[in-house]
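Structure at a glance
Here's the letter readout for the chains.
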Amino acid sequence: MSSEEKLFHIAIDGPVAAGKGTVSRLVADRLGFLYVDTGAMYRVASLLALQNKVDFHDEEKIVNLIRNADIQMRNPIDFEKDGRLTTVIVDDKDVSWKIRSEEVGNGASKVAQIMSVRLVLVEKQQHIAANQNVVMEGRDITYRVLPNANLKIYLTGKDFVRANRRHIQLQSRGVDISFNQVYLDLISRDKLDSERQNDPLKIVDDAWIVDTTDLSIRQVVDLIVAKATVMRDVRL
Ligand code: DC
């Protein structure tokens, strides 16, 4: 059997603040896989548009910006372990925290609607997964980026619970924002993500739906690690 056949890919899709990032990072750590946050790439596209004062609908300029930028993503190294899940470097600048603002997140939902932007980023994501085991999370991973993933998961949770988690997360970073605003932003981003024409967020037939509303992070991680381990054992 070639090494490629032994690769194990876990694809996770789901709405805003379902816990995809935290869960994927922990699952990846437990299994010794690479964690890939694809949302970070759409956030970089949004940040570049904001920094260069490019309109979020200006397809050509945004594609040029991401094609010309040197985007590096890696597991946080020692001195970067400040609570981030992944380190993102754009043209030698660490933007790991900058891309986490609500402004950049809302812009990411807009640039993610552009098909040509998606094509460039999907290619980068497939390239990363081509020769290593990954836990990759986003909105189109289960059917566009890794349609042959060994384990496909749709991670979700009730709107109110997800908004509450996001609010606590933002407050712990010192961001002054009301729960109401976080809730409204979350609803509108979910709507954009699932109703857009190009590769919307959806549940594929062969996805395992994990509802995190009443589960702790630890419980969700344990469930996924157990399932992946059984699947790998059966296959190896
Ligand atoms: O997961 P996140 O909040 O960091 O993602 C930011 C935005 O990027 C989100 O609103 C939708 C978009 N996105 C996407 O369209 N496809 C992906 N694979 C990942 C994110």
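For the structure, see preceding data.
Please read these numbers as outputs of a predicted model, since none were measured by experiment. (Residues numbered from 1 in each chain as written. Predicted model: local features only at pLDDT ≥ 70, side-chain atom pairs only at ≥ 80, totals over all residues. Heavy atoms only, no water.)

With that settled, consider the site of the ligand. Around the ligand lies a shell of 15 residues, among which Arg43, Ser109, Arg118, Asp140 and Arg189 are the nearest. The separation between an oxygen atom of the ligand and a polar side-chain atom of Arg118 is 2.8 Å. When the free accessible area of the ligand is taken as 450 Å², the share hidden by the protein chains comes to 96%. The site holding the ligand turns out to be the largest pocket. Put simply, the parts of the chain that give the shell around the ligand at least two residues each are α2 (38-51), α4 (102-111) and α8 (179-195). Among the elements that make up the shell around the ligand, the one with the highest residue count is α2 (four residues). For the shell around the ligand, the residue count by class is four nonpolar, four polar and seven charged. (Near = heavy atom within 4 Å. Polar contact = N/O pair within 3.5 Å; in protein donor to acceptor, adjacent residues only side chain to side chain. Areas by Shrake-Rupley, 256 points an atom, 1.4 Å probe, with all protein chains shown as cover. 1 Å grid on protein atoms, 1.4 Å probe; cavity = no way out; pocket = protein on both sides within 12 Å on 5 of 7 lines; lining within 4 Å. Sits in = over half its atoms within 2 Å of the grid points. Helix = DSSP H or I, 4+ residues; strand = E, 2+ residues; numbered from the N terminus. Nonpolar A, V, L, I, M, F, W, Y, C, P; charged D, E, K, R; others polar.)

Turning our eyes to something else, we now look at the packing of aromatic side chains. Within this structure, the stated rule accounts for three aromatic pairs. Ring geometry for Phe179 and Tyr183: centres 6.0 Å apart, planes at 25°, overall stacked. Taken as a pair, Phe179 and Tyr183 lie in helix α8 at a separation of four residues, close to a single helical turn. Exposure remark for Phe179: the relative accessible area of 23% places this residue in the partly exposed category. Among the aromatic side chains, those forming a connected cluster through ring pairs are Phe160, Phe179 and Tyr183. (Phe/Tyr/Trp six-rings, centres within 6.5 Å; stacked < 30°, edge-to-face > 60°. Buried < 20%, exposed > 50% of the residue type's maximum accessible area, 1.4 Å probe, protein only.)

Turning our attention to the layout of surface pockets. Its boundaries defined by the atoms lining it, the largest pocket holds a volume of some 920 Å³. Looking at the largest pocket, it is lined by 46 residues, and the ones nearest its centre are Ala17, Gly21, Arg100, Arg166 and Gln169. Of all the secondary structure elements, the ones that give two or more residues to the lining of the largest pocket are α1 (20-31), β2 (34-37), α2, α4, β6 (134-138), α7 (159-172), α8 and α9 (217-235). Residues that form the lining of the largest pocket fall into these classes: 15 nonpolar, 15 polar and 16 charged. (Points joined across faces, edges and corners; volume = space filled by probe spheres on them.)

This brings us to the sheet that holds strand β3 (residues 71-74). Pairing in this open sheet of three strands is antiparallel, and the strands run β3-β4-β5 from one edge to the other. In this open sheet, the two edge strands, each paired with only one partner strand, are β3 and β5 (93-94). Where strand β4 (residues 87-90) meets β5, two bridges bridge the pair, whose relative direction is antiparallel. Pairing of Val90 across the sheet is with Lys93, part of β5. Running over the sheet, α2 touches β3 and β4 and is turned about 35° from β4. (Pairing = 2+ DSSP bridges. Contact = heavy atoms within 4.5 Å. Axes fitted to C-alpha atoms, helices over the stretch in contact; angles between N-to-C directions.)

Time to look at the pattern of salt bridges. The full count for this structure, using the stated rule, is 17 salt bridges. As a salt-bridge pair, Asp193 and Arg139 come within 3.2 Å of each other at their nearest N and O atoms. Separated by 54 residues along the polypeptide, Asp193 in helix α8 and Arg139 in the loop between β6 and α6 (141-145) bring together distant segments of the chain. Note on Asp193: relative accessible area 3%, which makes it buried. One connected set of salt bridges, linked through shared partners, spans Arg30, Arg218 and Asp222. (Salt bridge = Lys/Arg side-chain N within 4 Å of Asp/Glu carboxyl O.)

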